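# What the coordinates show
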Amino acid sequence: MSKVGTKKRGGVVHQFIIVDPNLCSGCETCESVCSFVHDGEFNPINTRIHRVRIEPILNVALACQKCDDAPCVRACPEKALEQNKETGSIIVDDDKCNGCAFCIRACDFGVLGLHIQSQKALICDLCETMKEDYIDPERGEPYPACIDVCPKEAISLKDVEQIGEEKRIDAVKRLFGEILKETEG
Amino acid sequence: MSKTKEIPVPDKILGFTQVRLDVDLTDGKISKSKLSNEFCRDWIGGYGFGAKVLWDECPAGVDPLSPENVFVYAHGPFPGTILPTSSKYGVFAKSPLTGQFGMAISSGSVGAQARRAGINMIVFKGKAPEPVYMVVDDDDYYLFPCKDSVWGKSCWETEEILREEFQDQRLGIMTIGPGGERMSRMGCITNDRNRQAGRTGMGAVMGSKNLKAVCFRGTKGISVAQPVEFFKLAKKLIKVANGPATAKYRDLGTPAGITSYNKLGMMPIFNHREGTWDKIDDGTFTGDILNQDWVIKKVACSQCSIGCDHITKVPKDHPNWPNLYSSIDQELCYSFGTACGNYDWPSVFKCVSLTDDLGIDAISGGATAAMACECFEEGIITKEDLGYELPFGSTVNLVRFTEEMILGKGFAGKIFGDGTREAGKRLEEMGRKNASYYAMHVKGLELPAFDVHGMSSFAVGMSVSIRGACHLRNGAYGLDAKGKFDRFGYDKPVERGKAIKDLEDIYAIIDSYIVCKFTRGIYENDAEMAKVFELVTGIPVTDKFIQHRGEAILNLSKCFNIREGWTRDDDKPPERFFKQPHTRGPAKGIVLKEEGYQKVLSGYFEARGWDTKTGIPTDETLKSLGLDFVIGKLSPAGGKK
């Protein structure tokens, strides 16, 4: 998936799922669709993206951040987890995974889970392994289903360069808004 | 059932779990049985299941607060799927507020959790010897004593304690508060903090059974009959549900209606004395201001694309209610706002959060407070009675009144703690003449946020509603607001009746599916609504079939009401609308006309195939709807209680 590994500054910058808490309404649709495109049934306990609601107003969802030298990979005693160098995605070898959950304990973001039936580790693979039946025919290739269905368009695929750039633009608008107003006039 | 037989039911159906639990609270026994494929096809889900069970199993003439009343939890085939707004559940019982068919619907996470736990319906009977909560944890079902833990606690605290207890922040919990525990006839059920099964006193029924809460947790996956096709249609519906069809619910939210209904003279002001208000005209109390100054976040229920829950915050430097968060919509801007002549936003928010947290219906609660304000202004109740003054426009005192009303404390609680109809009766028993005139209810249920002086179609639509004054049984206010018929006149009575009937039948399906009425505009037509049922369940229903079943469900709950003593006179708006016109605005000088009203009511009965004089369904109509089992059983038993 060349889309998710962008060549920049002579290296590879990984894209991952990020969710804007200002847009997220906490509707859990991302979780339901995640389990559905991978397993063919709706079951948020088998999701790879996790909605968190802290009442009354905070809503957001978290998925794999594709850390460099990922702690989950290092923690796995069975060496069942491997990071794809090109995409940054963590790939779980189901034959090796024994469901010990050390990866879950190692992750700083709590974005891994165990499949309720198979007891194998679950982690966001940007839908690379989604069932073929659910691939959008117009797109013709796998694409993160949570992004496709999020009604608030709160979920996106970004790399750290893009995130930094957006933050900078926001900061500049805040800091130098007066100048912008002049140009609008 | 002639029409139903035309729809073949496959050997295996999906969507429904078909699991019915029977809980005998008296002896603590829980048993499990299977809902037949035909039952699911014919009764569709929530409302349909509730109507059938109450007809079959609720003893006629029962005291709604006695152990003999039957309390039903039910959902349809959709919770847990990504069909927009599908995580909904319904509760049904004979209502202690109306003495008629009681029903209330809520959203949040409960429907989805219950569906994943694998149940479809729970029927509660009897009364637990001590307070309990019920747990449905996948296939583990049990009752747990709670006299020393959550009994007596508010709804929000109960949710927090139970989620902590189960170490699960996503436990789905429907709970009652002190309002329901003391069996206030307005008692509601709260879940997910801001969602309520509010109307007709279903929380009081739980309280009467010593049932504090029901907790749901499920880990089972949900398969649908035609996954590829369903996924395609659901994705389309999610997009549409976040498009123009629902913009009004997402943006300003329903409070946008404050301004538009004020313009039409349909916004209830001062307990329905007026239909317009200078505080709305001058922009003090509008949806725009609410959003601009107070709303800080919009939140969604599970699987909802819209996200209509407008959360407001009172700033930390407010003298009375700093850092108060509450969940607001049009109905509550009416009940504790315009109806009480109150344009002080923080006190509206405080009253709403008290009703949600302590557990009574915020519409009935506010409408009852509005009655008290007017009784105070008319000298029917006094400062000596209450201990404080309560004119229209009260703020701090309105909050004080509201808390006492919910908790049953003081004069406010004793007189007004069970809604407007009871308050009227109690005051008149004390010799306070004419108090019932100020009780704005139909069949005992307080009015929603519409003033019907100049709404000749909705006056009928609201009044024929099975559960009492309600805007959600047929939405006929649209007929007046959109000018489909002359809203000051009474022509075309049968056409009006037919329009109300058609809306009501499809609303009965929406309440059985159960999905949110805010998504009624996302389907291209009834055929697409039928399609989504087929894709999930595998039962090949058609638009004609679901319309027919909607009609049958409505008729069956109507028959329940007749058996409980309903008569034509019960389908009537409060006297005020016939006697006392507005003094300003577009409906100035207008009152409902008795003869015209009765003509449209008869038109509705005719459109329904009911006896145009008595309003009782004819045998022919019942037969055509497959309701033969009702024939001969329609005599009132025991009267209204």
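Keep in mind the model is a prediction, meaning the values are calculated, not measured.

## Notes on the environment of B:Val205
Residues and elements named next belong to chain B.
- Summarising the element assignment, Val205 is placed in helix H7 (residues 202-208).
- Of the residues examined, Val205 has 31 C-beta atoms within 10 Å and is grouped as buried.
- Distance from Val205 to Ile189, taken between C-alpha atoms, is 10.0 Å for residues 16 residues apart in sequence.
- Setting aside its immediate chain neighbours within four residues, Val205 contacts Pro64, Asn69, Phe71, Ala93 and Pro96.

## Focus on helix H5 (residues 160-175) of chain A
- The end-to-end C-alpha distance of H5(A) is 22 Å, a good match for the 22 Å that 16 residues give at a rise of 1.5 Å each.
- Sparse coverage of H5(A) is indicated by the burial of zero of its 16 residues.

## Some details on the sheet that holds strand S6 (residues 121-125) of chain B
Residue and element names in this part refer to chain B.
- Read from one edge of the open sheet, six strands run S2-S1-S6-S3-S4-S5, paired in mixed fashion. Whereas interior strands pair on both sides, the edge strands pair on one side only; in this sheet they are strand S2 (29-34) and strand S5 (101-106). Neighbour-to-neighbour, the strand axes of this sheet turn through a mean angle of 15°, independent of strand direction.
- Where strand S4 (residues 89-94) and S5 come together, six bridges link them in antiparallel fashion. When the sheet's bridge partners are listed, Phe92 is paired in S5 with Met103.

## A few points about the domain arrangement of chain B
Residue and element names in this part refer to chain B.
- Taken domain by domain, chain B holds domain 1 (2-217), domain 2 (241-446) and domain 3 (452-630).
- Relative to domain 3, the C-alpha centre of domain 1 lies at a distance of 26 Å.
- Facing 48 residues of domain 1, the contacting portion of domain 3 comprises 36 residues.
- Looking at the side of domain 1 that touches domain 3, the elements with two or more residues in it are helix H1 (2-5), helix H2 (37-43), helix H3 (46-57), S4 and S5.
- Ranked by residues supplied to the side of domain 1 that touches domain 3, first place goes to H3 with seven residues.
- Of the residues belonging to the side of domain 1 that touches domain 3, the class tally is 21 nonpolar, 20 polar and seven charged.

## Structural notes on the pairing of strand S7 (residues 132-137) of chain B
Residues and elements named next belong to chain B.
- Most of S7 is tucked away, with five of its six residues classed as buried.
- Bridge count between S7 and strand S8 (residues 140-145): six bridges; the pairing is antiparallel. Residue pairing across strands places Asp137 opposite Asp140, the latter belonging to S8.
- Between the end of S7 and the start of S8, which pair antiparallel, lie two residues, with Asp138 showing a positive phi angle near 50°.
- For S7 and strand S12 (residues 211-217), the ladder comprises six bridges, and the chain directions are parallel. Considered in S12, the bridge of Tyr133 is made with Ala213.

Procedures and definitions
Residues numbered from 1 in each chain as written. Chains lettered and ligands numbered in written order. Predicted model: local features only at pLDDT ≥ 70, side-chain atom pairs only at ≥ 80, totals over all residues. Helix = DSSP H or I, 4+ residues; strand = E, 2+ residues; numbered from the N terminus. Buried ≥ 20, exposed ≤ 12 C-beta atoms within 10 Å, placed from the backbone. Contact = placed C-beta atoms within 7 Å. Expected span 1.5 Å × (residues − 1). Pairing = 2+ DSSP bridges. Axes fitted to C-alpha atoms, helices over the stretch in contact; angles between N-to-C directions. Domains from an automatic or database assignment. Nonpolar A, V, L, I, M, F, W, Y, C, P; charged D, E, K, R; others polar.

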